[in-house]
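Chain residues, written in single-letter form:
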Amino acid sequence: MSLRLGDVAPDFTAETTQGTIQFHDWLGNGWGILFSHPADFTPVCTTELGSMSKLKPEFEKRNTKVIAISADPLDSHNKWIGDINETQNTTVNYPLIADPEFKVANLYGMIHPNVTDKFTVRSVFVIGPDKKIKLMITYPASTGRNFDEILRVVDSLQLTANYSVATPANWKQGEDVIITAAVKDEDIPAKFPKGHTRIKPYLRTTPQPNL
Ligand code: BEZ
């Protein structure tokens, strides 16, 4: 059966460019991002891995580890990382899982046979400190992902985890957030001392609480 939000992210042991890992141990007590890409030495993937390495410090600030996966073997990954560093003007600074037998790819449903069974699609899993899957997105091979959007989602998920808020459409850091239905009107002033706006009984907003 395919994975759903709220499922425990499957654990696995794998070879990576930074040594062998046990996934749950590697995640530790923080957040994690596992993202798949179709194949080494391909153009879109080259830009994606470069982009993620530049954003890694931002994920670290959010206690979020990053790990990539593709089916190619370790020696191929290591050679390709040289190309990524050279062409994207960066240093790939997170592990890249080698999954030549599609063990992890199959565990996570990263193979979409109606597209191709030769390589993984572009999946992203955001995993919470409880090891549960908080977000899954899947892109086709031809569309490079927007890693700023993944960062935005992590910010939203962490706000929800720490405060009783949700984030509206196109929300960005610093903008007002939505008070969830679980909070009664009478409890709002104590819980959200920065104030709130009651636009409708079901639509109440407050300044971002962690700023
Ligand atoms: C790419 O990364 O450019 C790519 C990989 C597989 C299929 C198509 C494009």
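Residues numbered from 1 in each chain as written. Predicted model: local features only at pLDDT ≥ 70, side-chain atom pairs only at ≥ 80, totals over all residues. Heavy atoms only, no water.

**Student:** Sorry if this is basic, but what is going on with the pairing of strand E11 (residues 203-206) here?
**Tutor:** Residues in a regular strand point their side chains to alternate faces of the sheet. Bridge count for strand E9 (residues 177-179) against E11 is two bridges, and the pairing is antiparallel. Its bridge partner lying in E11, isoleucine 178 is registered against threonine 205. Where strand E10 (residues 197-200) folds back onto E11 in an antiparallel hairpin, the turn is made up of two residues. (Pairing = 2+ DSSP bridges. Helix = DSSP H or I, 4+ residues; strand = E, 2+ residues; numbered from the N terminus.)

**Student:** Got a minute to help me understand the sheet that holds strand E4 (residues 64-70) in this structure?
**Tutor:** The strands making up a sheet associate through backbone hydrogen bonding, with each pair oriented either parallel or antiparallel. The strand order across the open sheet built from seven strands is E2-E1-E5-E4-E3-E6-E7, with neighbouring strands paired in mixed fashion. This sheet does not close on itself; its edge strands, each paired only once, are strand E2 (19-22) and strand E7 (133-139). Each strand of the sheet is rotated relative to its neighbour by a mean of 30 degrees, with strand direction disregarded. As paired strands, E4 and strand E5 (residues 96-98) are joined by three bridges and run parallel to one another. Residue pairing for E5: serine 70 is matched across the bridge by alanine 98. Relative to E4, helix H2 (residues 43-61) is tilted by about 165 degrees, and along the sheet it contacts strand E3 (31-36), E4, E5 and strand E6 (122-127). On the sheet, helix H5 (residues 147-162) packs against E3, E4, E6 and E7 and is oriented at approximately 150 degrees with respect to E3. (Axes fitted to C-alpha atoms, helices over the stretch in contact; angles between N-to-C directions. Contact = heavy atoms within 4.5 Å.)

**Student:** What should I look at first to understand the site of the ligand in this one?
**Tutor:** Taken together, Pro38, Thr42, Pro43, Val44, Cys45, Phe119, Arg122 and Ala141 make up the full set of residues adjacent to the ligand. At a separation of 3.0 Å, an oxygen atom of the ligand approaches a polar side-chain atom of threonine 42. The separation between an oxygen atom of the ligand and a polar main-chain atom of valine 44 is 2.7 Å. Notes on the ligand: free accessible area 260 Å², of which the protein chains cover 78%. Considering every element that reaches the shell around the ligand, the biggest residue donor is H2, with three residues. (Near = heavy atom within 4 Å. Polar contact = N/O pair within 3.5 Å; in protein donor to acceptor, adjacent residues only side chain to side chain. Areas by Shrake-Rupley, 256 points an atom, 1.4 Å probe, with all protein chains shown as cover.)

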